[in-house]
Amino acid sequence: MGLYRHDFNKESDKALKNENLQRALRFTTDRFRERRKAAIEAVDDWENLRSLAREIKKETISRLDKYLELLEENIVETGGLVHWAKDADEATKIIIEIALKGKVKSVVKSKSMATEEIELNHALDKAGIEAIETDLGEYIIQLAKETPSHIIAPAIHKSKEDISRLFSERLKVPYYTEPEDLTRIARDKLRQKFLMADMGVSGVNFAVAETGTIVIVENEGNARLTSTLPRIHLALMGIEKVIPRFEDLAVFLSILARSATGQKMSSYVSLITGPKRKGEKDGPEEFHLVVLDNGRSNILDSDETRESLYCIRCGACLNICPVYRKVGGHSYGWVYSGPIGAIISPQLLGFSKAPDLPFASSLCGACKDVCPVKIDIPKVLLELRKTVVEENMKLNRVGVSTLKSLGIKLWRLSMEYPWIYTHLLTVAFYAQKLWVRPKGNNMKLLPYPFSKWTRGRDLPVFAEKPFRKRWKEKRNRYGI
Ligand code: SF4
């Protein structure tokens, strides 16, 4: 499993100073939000669809073992093979073994967050197998040797000029700036790769248990080529991607594209049931489905946070989140970013690797309002914050948690005894003198740990006379 290497505060500070990134984030997330709004306004029963989707997810996740077994049974019946991976290492091992057995030299990949999660490209590279991303955004990221910064728009942080420069440097082509030229170059390069590839690796949006069908939703057509041209098709999915019935698909297809890109339906929806049959001309000879746990069953255990697994990775919560819209995806340090990243990463990676993320939210609730499966992200965030604090206490960590707990005790005392509150305000008034800004309305940067507040927010100066005192004086003066 990929290591969490980032300090959220440090990375978001950097992101806030990057004007190019700020422009790119604003432009793309605004566009996604406007389109989503228009798309859902055109649907009469949007709220019903959301409720229905949530109910289906709730039912599936509560009986996941049953539906996964049924999925396996039906895939095997149609000639496919199902492999179970408990973690990232096991998943990459299975995939490399399949590739080596099939004498695979080159792999084409369509967009899949699960393959990013297990760092598949790195593993394939180590095994001497060439892996090429074929989704345009992922292709850009691969050329730049970066990681995705948005669930559905991996290169959201790159401007048109960044991409022109990248193509010209890495692909040795003239410096084109028109998007049509850039896409033409990528298409020409990728077409050759599709024709030569021995194996196609895709993700899975939904896997229908009752028919053994995997469903891939996309806009570029590259996933369809990935899953049909090479002689082996391998799909990787997290255990939560299964849905019980074929008819449930109608609900999820209705909400996914609208929430993600504001489309009624994505340009390509591929339904794949096993490899090509006897007598069929097209399609792969082998079909493998790798089902990945990688920490997901730990989430299943918790009544409070289980709904994190309802996510259909539409990205709507990222586009609306005031934190994500400012700091971008790389600040979150792993493949999943924004509100869903803030809840899923600590649970999959472990709290010791991502302790900052549950706090990377203003708890405004906008993510909950847009989520097509009504995940109560703020509630889960609070639950995870509680766990982080408890873990810190267990480890007897002295630091911010101890200071916080002291601060809260002091606050409680000052609320119980108003004279303590009044005295604290008087002390604060005299103590603040060193940090008052020249204009006198706000504080300058306070020393640690209070700098955590003043680094990004205003803190008004304490008045010489607290409100109660002034109120009392006024009452006396006017006899109120
Ligand atoms: S949490 Fe909800 S809004 Fe966010 S990506 Fe998942 S399904 Fe979409």
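Just above sits the structure.
Residues numbered from 1 in each chain as written. Predicted model: local features only at pLDDT ≥ 70, side-chain atom pairs only at ≥ 80, totals over all residues. Heavy atoms only, no water.

1. Some thoughts on the overall build of the protein chain
This is how the line gets drawn: Only DSSP runs of H or I reaching four residues or more are called helices, and only runs of E reaching two or more are called strands; each is numbered from the N terminus. The classification of residues rests on relative accessible area computed with a 1.4 Å probe and restricted to protein chains. Under 20% of the type maximum is buried, over 50% is exposed, and intermediate values are partly exposed. Here a residue-residue contact requires only that any non-hydrogen atoms of the pair lie within 4.5 Å. Note on areas: these come from Shrake-Rupley sampling with a 1.4 Å probe, and a residue is covered only by the protein chains present in the view. Under the convention used here, Asp and Glu are negative, Lys and Arg are positive, and both His and the chain ends fall outside the count. Think of each charge as sitting on NZ of Lys, CZ of Arg, CG of Asp or CD of Glu.
Per the secondary structure count, the protein chain includes 22 helices and ten strands. By its C-alpha atoms, the protein chain is 100 × 55 × 50 Å across when sized along the principal axes. For the protein chain, buried positions account for 50% of its 480 residues. Considering only residue pairs separated by 6 or more positions, the protein chain has 72% of its internal contacts joining residues 24 or more positions apart. If you sum the accessible surface of the protein chain, you get close to 24,600 Å²; carbon and sulfur atoms cover 54% of it. Taken as two groups, the 77 positive and 63 negative side-chain charges of the protein chain have centres that lie 8 Å from each other.

2. Here's the deal with the sheet that holds strand β1 (residues 81–85)
Worth spelling out the cut-off: Only strands joined by at least two bridges in the DSSP assignment are considered to pair. Helix axes are fitted only over the stretch in contact, all axes being lines through C-alpha atoms; the angle between N-to-C directions runs from 0 to 180 degrees.
The strand order across the open sheet built from six strands is β1-β10-β7-β4-β2-β3, with neighbouring strands paired in parallel fashion. Here the strands that pair on one side only, and so sit at the sheet edges, are β1 and β3 (130–133). In this sheet, neighbouring strand axes are inclined to one another by 20 degrees on average, regardless of whether the strands run parallel or antiparallel. Summarising the sheet, strand β2 (residues 106–109) and β3 pair through four bridges and their orientation is parallel. Pairing of Lys 109 across the sheet is with Glu 133, part of β3.

3. Overview of the sheet that holds strand β9 (residues 268–272)
What the four strands build is an open sheet, ordered β8-β5-β6-β9; its pairing is mixed. Edge positions in the sheet fall to β8 (242–243) and β9, since each has one partner strand and no second. In terms of strand pairing, strand β6 (residues 213–218) meets β9 through five bridges, oriented antiparallel. By the bridge assignment, Ile 214 is partnered in β9 with Ile 272. Against the sheet, helix α12 (residues 248–260) makes contact with β5 (206–208), β6, β8 and β9, and its axis sits at roughly 170 degrees relative to β5, the strand it touches most.

4. Focus on the site of the ligand
Using the following cut-off: Proximity is defined per residue: any heavy atom of the residue falling within 4 Å of a molecule or strand makes that residue near it. Each residue is assigned to one class: nonpolar for Ala, Val, Leu, Ile, Met, Phe, Trp, Tyr, Cys and Pro, charged for Asp, Glu, Lys and Arg, and polar for all the others, Gly among them.
Close to the ligand lie Cys 311, Ile 312, Arg 313, Cys 314, Gly 315, Cys 317, Ile 340, Cys 371, Pro 372, Val 373, Ile 375 and Ile 377, which account for all nearby residues. Looking at the shell around the ligand residue by residue, the classes come out as ten nonpolar, one polar and one charged.

5. Here's the deal with a nonpolar patch on the surface
Our working definition: Here the term patch refers to residues with relative accessible area over 30% and no salt bridge, with like charges joined within 9 Å and nonpolar side chains (Val, Leu, Ile, Met, Phe, Trp, Tyr) within 5 Å. When a carboxyl oxygen of Asp or Glu lies within 4 Å of a side-chain nitrogen of Lys or Arg, that pair is called a salt bridge.
A contiguous nonpolar patch, built from Leu 410, Leu 413, Tyr 417, Trp 419 and Leu 424 and spanning about 490 Å² of accessible area, is present on the exposed surface. At the level of secondary structure, the elements contributing two or more residues to the nonpolar patch comprise α19 (400–416) and α20 (418–431). Relative to the assigned elements, Trp 419 resides in helix α20.

As far as function goes, none of this settles anything; it's purely spatial.
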